[in-house]
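Chain by chain, the residues run as shown.
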Amino acid sequence: MSRAPNASGLPTRRAALALLDAVLERRRPLEEALEALPPSLEARDRAAAHRIAAAVLRRMGSLDAVLEAFLTRNPPPVVRTALRMGAAELLLLETPPHAAVASTVGAVPRPFAGLVNAVLRKVAAAGPAALEGLDAARLDTPPWLWSAWHTAYGAAGARAIAEAHGAPAPLDLSHQGAAALPEGAVALPTGSWRMPAGTRITELPGFAEGLIWAQDAAAALPVRLLDPKPGEQIADLCAAPGGKTAQLAAAGAQVVAVERDPRRAARLRENLARLQLTAEVVEADAAAWRPDSLFDAVLLDAPCTATGTIRRHPDVAHLKRAKDVASAADLQRRLIAAAAALLKPGGRLVFATCSLQWEEGEAQAERELAGLAPRPFPADALPGLPGAITPEGHLRTRPDLMAEAGGMDGFFAARFERRPG
């Protein structure tokens, strides 16, 4: 279990309440809400608030099930959220009861202070045993996702995915040059390095020198499968924040990174500068961008519902809806067609998404794509990761893959080649 700081105090709980209100009531991404917190908030309080909010989002169904036993009526949203926070601290984060209860009471409107105090004292008395017997995987997964995963992966697969979302993800690192394996890191068979959850990357040796960057082990696989060669002209579409651009540039490719959002493009430039890697960054809509020359290869890590990243971004499970899948799939179809037009004859395209949804992965690869011929990955393309290459020759990772080592994000990737003429 991860621990919240014992002395985080009232500012932490108020910040956590603001984060959860942003996600659950105003439907804003957690990272965006974090950036909107007051600059005056101490870094310790900011980190603790994030930890509390993430725990609530990760285990909200289970926390609600525990709280129901102590509630006689449905409280207002802000009070319900505060109760979830307090329960998460008591049952998941091992915060001392007096700190969790008193500070949570102080964060709610005064008329509800007595209710919050009484309920959380009962939760504290029950302790972590209150979670025993609950079907956490089912309770903590939105019904539409559970149904979709059940259809795509079967009952056992859906449950395995949901169970993998129950704990914070470790920190995975991509690396270059003279980077040395940090103390406490594990070298994964995929080539990534893995640190325990909660590790601060900025404190690791090699970060300041630009030798390492955060990138989930699964997110690093599409570039590995694209197999960039030194001197190749490669377009990286929808490129921010730049982890894959960095991989391509570190391999010696001549990279054009395309990103439509100016703020994300600025972040991409900042990341490349820290890593001392070179790529041409173009601010443009990849679906409409038409460069002067064609490319040897294109990497399209397309916008998606990002349901494969829930273990790292638990807010995704609460922000996305079933209708978002169809919208994302439609955009992906347009981007694939645009990417095909950027290739030289014989050039290769790797299409990837960080989604677990069939419509955003396998269904796209099964379509007849104008100008493109499928080029399946060989079964032994990832020898250190058995099962990641499907019988159809696509990459499919899930959060429960490599579970004994901490799992990985859900990713899909397929390879195509531009037909002559």
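In the nomenclature of an unreviewed UniProt entry, the chain corresponds to RsmB/NOP family class I SAM-dependent RNA methyltransferase from the organism Plastoroseomonas hellenica. Its UniProt record gives the chain a comment under Sequence similarities (unreviewed entry), which states: "Belongs to the class I-like SAM-binding methyltransferase superfamily. RsmB/NOP family."

Under the definition given, this model contains 29 salt bridges. Linking Glu362 and Arg396 is a salt bridge whose minimum nitrogen-to-oxygen distance equals 3.0 Å. With Glu362 in helix α15 (residues 362-366) and Arg396 in strand β11 (residues 395-397), this pair connects stretches of sequence that are 34 residues apart. Comparing Glu362 with Arg396 shows no difference in burial state: the two are buried. Measuring nitrogen to oxygen at the nearest pair gives 3.4 Å for the salt bridge that ties Glu417 to Arg375.

Consecutive residues of a regular strand have side chains that alternate between opposite faces of the sheet. With 4 of 5 residues buried, strand β5 (residues 233-237) is to be regarded as a mostly interior element. Alignment of β5 against strand β6 (residues 254-259), held across 5 bridges, turns out to be parallel. The partner of Leu237 across the bridge, within β6, is Val258. With helix α11 (residues 243-250) bridging β5 and the parallel β6, this β-α-β connection has right-handed handedness. The pairing of β5 with strand β8 (residues 295-301) spans 4 bridges and is parallel. Pairing of Ile234 across the sheet is with Ala297, part of β8.

Attention now moves to the UniProt feature "domain: SAM-dependent MTase RsmB/NOP-type" (unreviewed entry) in the chain. Under the local residue numbering, the UniProt record ascribes the feature "domain: SAM-dependent MTase RsmB/NOP-type" (unreviewed entry) to residues 145-419. Split by type, residues 145-419 is 28% helix and 22% strand. Its first and last C-alpha atoms lie 37 Å apart.

Strand order in the open sheet made by the 4 strands is β2-β3-β1-β4, with antiparallel pairing throughout. Strand pairing shows two members of the sheet lacking a second neighbour, β2 (186-187) and β4 (212-214), which therefore form its edges. With 3 bridges connecting them, strand β1 (residues 171-175) and strand β3 (residues 193-195) associate as antiparallel partners. Within the sheet, the bridge partner assigned to Asp172 lies in β3 and is Arg194.

With that settled, the discussion passes to the domain arrangement of the chain. Domain parsing of the chain yields domain 1 (10-134) and domain 2 (172-417). The C-alpha-based centres of domain 1 and domain 2 are spaced at 34 Å. When the buried area of domain 1 at its contact with domain 2 is split by residue, Arg27, Leu57 and Arg58 rank highest and sum to 50% of it. Linking domain 1 with domain 2 are 0 salt bridges.

Moving on, we get to the packing of helix α1 (residues 9-24) against helix α6 (residues 97-107). At a minimum axis distance of 9 Å, the contact between α1 and α6 shows a crossing angle of 60 degrees. Classified by the interaxial angle, the pair formed by α1 and α6 is oblique. Along this stretch, α1 crosses α6, giving a crossing that reads as right-handed. Contact residues: α1 offers Gly9, Leu10, Arg13, Arg14 and Leu17, while α6 offers Ala99, Ala100, Ser103, Thr104, Gly106 and Ala107. In terms of residue class, the contact of α1 with α6 is made up of 5 nonpolar, 4 polar and 2 charged.

Cut-offs and rules
- Residues numbered from 1 in each chain as written.
- Predicted model: local features only at pLDDT ≥ 70, side-chain atom pairs only at ≥ 80, totals over all residues.
- Heavy atoms only, no water.
- UniProt positions renumbered as here; feature names shortened; annotations may be inferred.
- Salt bridge = Lys/Arg side-chain N within 4 Å of Asp/Glu carboxyl O.
- Helix = DSSP H or I, 4+ residues; strand = E, 2+ residues; numbered from the N terminus.
- Buried < 20%, exposed > 50% of the residue type's maximum accessible area, 1.4 Å probe, protein only.
- Pairing = 2+ DSSP bridges.
- Right-handed = clockwise from strand over helix to strand, strands pointing away.
- Domains from an automatic or database assignment.
- Buried area = accessible area lost by both parts, 1.4 Å probe.
- Axes fitted to C-alpha atoms, helices over the stretch in contact; angles between N-to-C directions.
- Parallel < 35°, antiparallel > 145°, perpendicular 65-115°, else oblique.
- Left-handed = near helix turned anticlockwise from the far one by under 90°.
- Contact = heavy atoms within 4.5 Å.
- Nonpolar A, V, L, I, M, F, W, Y, C, P; charged D, E, K, R; others polar.

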